[in-house]
Structures are given as structure tokens and as C-alpha cells.
Amino acid sequence: MAPTNRSPQASTQHLAVFFLLAFGVLAAAVGYWTFVARGSLIARTDNPRALIAYNRIQRGRILDSSGLPLAETVGQPGDYVRRYELSAALVVGYASFRYGTSGIEAAADSILTGADAEDEFARWWKHDLLGEPQIGRDVQLTLDVELQRAAFNALDGRAGAIVIVDTANGDILAMASSPSFDPARIDADFETITADANGPLVNRATLGLYRADALLDLFPHPLDLSQPPSLPIPTRAAEDKRITPLHMALVAAAIFSDGVMPAPRLIVDEDPQGHPIAIMPPADAEQVKESMGAGFAATVPSGFDDRTLGWFIGLSPDGSRAMCVVIEDSTAAAASAAAFLTLK
């Protein structure tokens, strides 16, 4: 049989089809990695472009109720540094390219980075393609930085927590927890911090469940503590007669508010995530208020060996503020002294 001779036109057509298919596969691959898998590529900690982009984000400030900084970004694009108010570290949290975010830095991340103000295409065009710095917006908290520092200093390095709330609206005025850490050093000290058996990354004010038998026995009838306080940072519900300092401070607030526990609020521009809850009859609240006077302190077995907890709850003279102090491996006298130091 004679060999078949292909015409030049047929060969050109085959070659054109090949290149069209090749370009199609290439376009599909580029499209997949650009749009479908873009998020996973950006999230990789070994992606140098992602690190460069992260370092060009000027995170917004986290402010106290009067506008003083609890966290702020200083420096120039590509060389930004985050500075923190150390007394509020376990409320504010940390922000790290390698280790992520925590606290308010996590809860308000889209606001602080400015991501909530732009769609994905706008961010890609302005920041990824054109290289414009990404500037976030500020977030204001209900904390009073002076009161926050006083509460943190009153703990004096001892494990425990102090919480002060506004009895009228549930605003958290101070939330100190010890031991703590320096969020600015999270990248350098992460392994040391996480290996510390004292738990410096644990916000004891919202996550520490402490035995409080003597305090809860003050109330004539059992309290309805089934619903945990709701905040933009993690909290825990009471279990049996174990309760967090935040929850106990809100219980103290209910004593002044006819038995209604206010919904806590931490971010000024946001409504409370929960709602006020009637946890006791008004008559019970009045009875406890009369019996506790300026405050009530107790030494309570912790439930671990022969160790004890020092507790204090109280109201300001005008009833506008409720306070809770708990100190581990301590006594009622030490908790009362810490409360006095905080409010003096």
C-alpha cells in the first residue's frame, strides 16, 4: 500500500488544535490557582508573597473607652510593628502571620485589617497587584485603661482575675487576668509561652471555672446560671458551683439591678451579643445587697489538694459598678486587698 501523504494544511490544523488544547489546560490551571485555590496558597506560612502582603497591612488601633490605645501599629509599610498595652493583653489578644490571631484581634480582624470595607477583587487589584498598603479601621472597647492597669497591678503577678462591670448596661470596664504575656513577642516566644504550665495564654476572667460555694450560698434560692455570658471572645458557662470571674461580676451587678443580670458588652460600636437575664427575684437581690454591705469575701477550697481560692465580690458606693476578684492559692483577705488597691 502506498504511504499516505498529509497535506501541509492538515498538519497545520493538527498543530493548531494541539496548541489550543495546551493553552486551554494552562488557562484552567491558572484559573484554578488564581481563583479557586487562591485562599489556600495565601494562607501558607511558607508563601513569601503572603508574608510581604501581611506586613503591608496597617492594622487599625484597638482603643479604650476614652480613645487611648490598647494596641496600635507603628512603622512603615513592609516593616510594621504592633505595640500593646500589657495589662489588657488577654483581652486584646495577638496578631501574627505565623500563629494567627486571638482575643479582640481575632474577633474584629476584618475591621482591623480593612478587609470588611472591600470586596475580594478590590483587595486583589489595589493591594496585591498595585501594592497599595492596606489600612484597617479602629475598634473601641468599653475598657477603661486606667482601671485596667490598676486591676492588673493589684493581681501583682498572682494567678487570678479581676473584672469590673457597669451595672446599668453591662459594659466591661476592666478585665484583668494573670499570668499574662507580651503579644508583641508572640512570634519570638510562642514555644516558651505555650509550654508554660501556668497558662499565660488563658484568659482566666472568661475561661477560668472556679469553685464559689460560699459566694453562691449567699443567695436564698439557686441562681439561673445556665446561660454563659456572651462576648466576642471565648467564654464558659457555669458548672455546678464553679463559675468564671466575669460571670460572677455580672451576678454581683444583678444584686443592684433587682435580680436582672445585664448582658455584657466589650466593643463600643456593637450591641451586646446576649440579653439581660432575670437570675433571681428582686426580693432576693435586696436581701443579699443588705447582707453583703460594701462587699463579701471568702476563702473557698479550690478542689485541688488543700489549695484555696480568695474571692471578693462587691458594689461601688453608688451601685454603678460591680466587681469580682479571684486569686488562686490565696485567701479572702488577699482578694479584699486586691479589690481595695484596684479602686483606691
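Not measured: the values here are computed from a predicted model.

S.K.: I'd like a description of the sheet that holds strand 9 (residues 160-166), backed by residues and values.
M.R.: Ordered by their spatial adjacency, 5 strands build an open sheet running 10-9-17-16-15, and the pairing between neighbours is antiparallel. For this open sheet the edge positions go to strand 10 (172-178) and strand 15 (295-301), each flanked by a neighbour on one side alone. Strand-to-strand, the axes of this sheet are offset by a mean angle of 10°, without reference to chain direction. Pairing between strand 16 (residues 308-315) and strand 17 (residues 321-328): 7 bridges, direction antiparallel. In the sheet register, tryptophan 311 faces strand 17, and the bridge partner there is valine 326.

S.K.: Before we move on, could you go through unusual backbone geometry and cite the residues and values that matter?
M.R.: At the junction of serine 178 and proline 179, the peptide bond is cis and its omega measures out at 0° in the coordinates. Within the secondary structure, proline 179 is located in the loop between strand 10 and helix 9 (186-195). Despite not being glycine, aspartate 156 has its phi angle at roughly 55°, a positive value. In this structure, aspartate 156 sits in the loop between helix 8 (145-155) and strand 9. Judged by its relative accessible area of 61%, aspartate 156 falls in the exposed class. Positive phi is not limited to glycine here, since aspartate 240 has a value of about 55°. Its place among the elements puts aspartate 240 in the loop between helix 11 (213-216) and strand 12 (242-243).

S.K.: Describe the pairing of strand 3 (residues 69-74), naming the residues involved and giving the relevant values.
M.R.: Taken together, the 2 bridges between strand 2 (residues 62-63) and strand 3 define a ladder with antiparallel strand orientation. Considered in strand 3, the bridge of leucine 63 is made with proline 69. Counting the residues between successive antiparallel strands, the hairpin from strand 2 to strand 3 contains 5 residues, one of them, glycine 67, with a positive phi of roughly 95°. When strand 3 meets strand 4 (residues 81-84), the two strands line up antiparallel, connected through 4 bridges. What sits directly across from valine 74, in strand 4, is valine 81.

S.K.: With reference to specific residues and values, describe the nonpolar core.
M.R.: Core analysis: the largest hydrophobic core is formed by 59 residues, its most contacted members being Ile104, Leu141, Met175, Met248, Val251 and Trp311. No other element matches the 9 residues that helix 12 (residues 245-256) contributes to this core. Setting aside anything within four residues of it in sequence, one finds valine 251 in contact with Phe219, Leu223, Leu225, Ile243, Met261, Ile279 and Met280. Formed by 16 residues, the second largest nonpolar core is a distinct cluster that contains Ala154, Ile164, Leu173 and Phe312.

S.K.: Describe the packing of aromatic side chains, listing the residues and the values that go with them.
M.R.: Per the stated rule, a full pass over the model turns up 3 aromatic pairs. For the pair tyrosine 94 and phenylalanine 181, a centre-to-centre distance of 6.2 Å together with 80° between the ring planes defines the contact as edge-to-face. Remark: phenylalanine 181 occurs in the loop between strand 10 and helix 9 and tyrosine 94 occurs in the loop between helix 4 (89-92) and strand 5 (95-96); sequence separation between them is 87 residues. Considered together, tyrosine 94 and phenylalanine 181 belong to a single accessibility category, that of buried residues. Residues tyrosine 210 and tryptophan 311 carry aromatic rings whose centres are separated by 6.4 Å and whose planes lie at 85° to one another, so their mutual orientation is edge-to-face. Of this pair, tyrosine 210 sits in strand 11 (residues 210-211) while tryptophan 311 sits in strand 16, and the two are 101 residues apart along the sequence. Classification of tyrosine 210 by relative accessible area gives buried; the value is 7%. Take tryptophan 311: its relative accessible area is 0%, and that puts it in the buried class.

S.K.: Go over the sheet that holds strand 8 (residues 139-140) with me, naming the residues and quoting the values.
M.R.: Taken in spatial order, the 4 strands make up an open sheet running 4-3-2-8, and their pairing is mixed. Because the sheet does not close on itself, it has two edges, and the strands there are strand 4 and strand 8.

S.K.: Now, about the pairing of strand 15: what can you tell me, with residues and values included?
M.R.: Note: strand 15 against strand 16, 7 bridges, orientation antiparallel. Each bridged residue has a counterpart across the sheet, and for alanine 298 the counterpart in strand 16 is tryptophan 311. Where strand 15 folds back on strand 16, the antiparallel hairpin that results is connected by 6 residues, among which glycine 303 adopts a positive phi of roughly 95°.

S.K.: So what about the environment of alanine 176? Which residues, and what values?
M.R.: Turning to its location among the elements, alanine 176 is positioned in strand 10. Along the sequence, alanine 176 and isoleucine 162 sit 14 residues apart, while their C-alpha atoms lie 5.2 Å from each other.

S.K.: How would you explain the pattern of salt bridges if you had to name every residue and give the values?
M.R.: All chains considered together, the criterion is met by 15 salt bridges. A salt bridge links glutamate 105 to arginine 59; its shortest N-O distance comes to 2.8 Å. Placement of the pair is glutamate 105 in helix 5 (residues 103-107) and arginine 59 in the loop between strand 1 (57-58) and strand 2, with a sequence separation of 46 residues. By the burial criterion, glutamate 105 is buried, and arginine 59 matches it. Residue aspartate 329 is joined to arginine 307 by a salt bridge in which the shortest nitrogen-to-oxygen separation is 2.7 Å. Of this pair, aspartate 329 sits in the loop between strand 17 and helix 14 (332-343) while arginine 307 sits in the loop between strand 15 and strand 16; the two residues are 22 residues apart in sequence, bridging distant segments of the chain. Overall, aspartate 329 belongs to the partly exposed group, its relative accessible area being 48%. For arginine 307, a relative accessible area of 38% puts it in the partly exposed group. Members of the salt-bridge network, linked through shared partners, are Arg59, Arg82, Glu105 and Asp109.

Rules and cut-offs
Residues numbered from 1 in each chain as written. Predicted model: local features only at pLDDT ≥ 70, side-chain atom pairs only at ≥ 80, totals over all residues. Heavy atoms only, no water. Pairing = 2+ DSSP bridges. Helix = DSSP H or I, 4+ residues; strand = E, 2+ residues; numbered from the N terminus. Axes fitted to C-alpha atoms, helices over the stretch in contact; angles between N-to-C directions. Buried < 20%, exposed > 50% of the residue type's maximum accessible area, 1.4 Å probe, protein only. Core = buried A, V, L, I, M, F, W, Y, C linked by side-chain atoms within 4.5 Å. Contact = heavy atoms within 4.5 Å. Phe/Tyr/Trp six-rings, centres within 6.5 Å; stacked < 30°, edge-to-face > 60°. Salt bridge = Lys/Arg side-chain N within 4 Å of Asp/Glu carboxyl O.

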